[in-house]
Amino acid sequence: MKKTISLLIASLTLLSLSGCGKDEESSVSEAVTETTAAESETAEETTAETSDSAETTGQILLSAFHEEIENDPSITPEKLAEKLLSNSVIQFQGAQMPVEQGLLAGFGNTEITGFKEGVMFSPMIGSIPFVGYIFVLEEGSDPQAFVQTLLDNADPRWNICTEADEVIADNAGNTVFFVMCPGESE
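Residues numbered from 1 in each chain as written. Predicted model: local features only at pLDDT ≥ 70, side-chain atom pairs only at ≥ 80, totals over all residues. Heavy atoms only, no water.

Another aspect to go through is the overall build of the protein. Counting its secondary structure elements, the protein contains six helices and seven strands. N-terminal to C-terminal, the α/β element order of the protein is α-α-α-α-α-β-β-β-β-β-α-β-β. Burial analysis of the protein (186 residues in total) assigns 42% to the buried set. Accessible area of the protein: about 10,400 Å², with a carbon and sulfur share of 52%. (Helix = DSSP H or I, 4+ residues; strand = E, 2+ residues; numbered from the N terminus. Buried < 20%, exposed > 50% of the residue type's maximum accessible area, 1.4 Å probe, protein only. Areas by Shrake-Rupley, 256 points an atom, 1.4 Å probe, with all protein chains shown as cover.)

This is the structure in structure tokens:
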């Protein structure tokens, strides 16, 4: 009887772990490649493209980021994160919190440094593949190099049993936007 129960528990455990496996090939690498290729363009060209074809969650949030910065160049990262979380494309209860330089969710073992202020915004439920950041860089920093560092080190499978569909990063001056999220918007 004990062997049967032990075997049953072991089988159920194995079955539950297999649910986290990757069943089908995703388009994450394509989204990261496309985003990285877009980074070679100027910030104005990237903004123009995303404004014209804001179809995905990330593109909609990127457009909102640029719009908020344009409307209020002195907006704080906290206020900007709040405004992005209140966007109608966000279908979850979210929260934002300040972050310090070092290990950040979504970047594996790579320490993210080179910013003077940072805010993470994300869902309150950890099973949603979404994490966003607003960074304010030091004066004289290279925003494009910082954006490229974020893109190069982003891990769309940071969230155990889920995977983000798209990775987007861009800047408006010394303010940097980064998001990993589901691709489809409602």
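We now examine the sheet that holds strand S1 (residues 94-98). The antiparallel open sheet is built from five strands, whose spatial order is S1-S4-S5-S7-S6. Among the strands making up the open sheet, the edge pair consists of S1 and strand S6 (166-172). Sheet twist, expressed as the mean angle between neighbouring strand axes with direction ignored, is 15 degrees. Summarising the sheet, S6 and strand S7 (residues 175-181) pair through seven bridges and their orientation is antiparallel. By the bridge assignment for S7, Ile-168 is matched with Val-179. Contacts from helix H4 (residues 57-71) reach strand S5 (131-137), S6 and S7 within the one sheet, and its direction differs from that of S6 by about 10 degrees. Contacts from helix H5 (residues 77-85) reach S1, strand S4 (115-123), S5 and S7, with the element oriented near 20 degrees to S4. (Pairing = 2+ DSSP bridges. Axes fitted to C-alpha atoms, helices over the stretch in contact; angles between N-to-C directions. Contact = heavy atoms within 4.5 Å.)

All right, on to the nonpolar core then. Counting residues in each nonpolar core, the largest one holds 22 residues, and the members touching the most others are Leu-61, Phe-65, Leu-84, Phe-121, Phe-130 and Phe-177. Of all the secondary-structure elements, those providing two or more residues to this core are H4, H5, S4, S6 and S7. Ranked by residues supplied to this core, first place goes to H4 with five residues. Membership of the second largest hydrophobic core comes to 21 residues, among which are Tyr-133, Phe-135, Val-176 and Phe-178. (Core = buried A, V, L, I, M, F, W, Y, C linked by side-chain atoms within 4.5 Å.)

Buried within H5 we find Pro-77, Leu-80, Ala-81, Leu-84 and Leu-85. The buried residues of H5 occupy an angular sector of 135 degrees when the element is viewed end-on, so they sit on one face. As for H5, its buried residues are in contact with H4, S1, S4, S5 and S7. (Arc of directions from axis to C-beta.)

To continue, consider the packing of aromatic side chains. If you walk through the whole model with that rule in mind, you get ten aromatic pairs. Centre to centre, the rings of Phe-115 and Phe-135 are 4.7 Å apart; their planes meet at 55 degrees, and the pair counts as tilted. Linking Phe-115 in strand S4 with Phe-135 in strand S5, this pair joins segments that are 20 residues apart in sequence. A relative accessible area of 2% places Phe-115 in the buried class. (Phe/Tyr/Trp six-rings, centres within 6.5 Å; stacked < 30°, edge-to-face > 60°.)

The buried count for S5 comes to seven of seven residues, which makes it a mostly enclosed element. Of the two faces of S5, the one lined by Val-131, Tyr-133, Phe-135 and Leu-137 and the one lined by Gly-132, Ile-134 and Val-136 are each fully buried. The pairing of S4 with S5 spans six bridges and is antiparallel. Directly across from Gly-118, in S5, lies its bridge partner Phe-135. Sheet analysis places S5 next to S7, joined by six bridges and oriented antiparallel.

Here the focus is the environment of Leu-151. Along the chain, the position of Leu-151 falls in helix H6 (residues 143-153). Its relative accessible area of 3% is what places Leu-151 among the buried residues. Between the C-alpha atoms of Leu-151 and Val-179, which are 28 residues apart in sequence, the distance is 9.8 Å.

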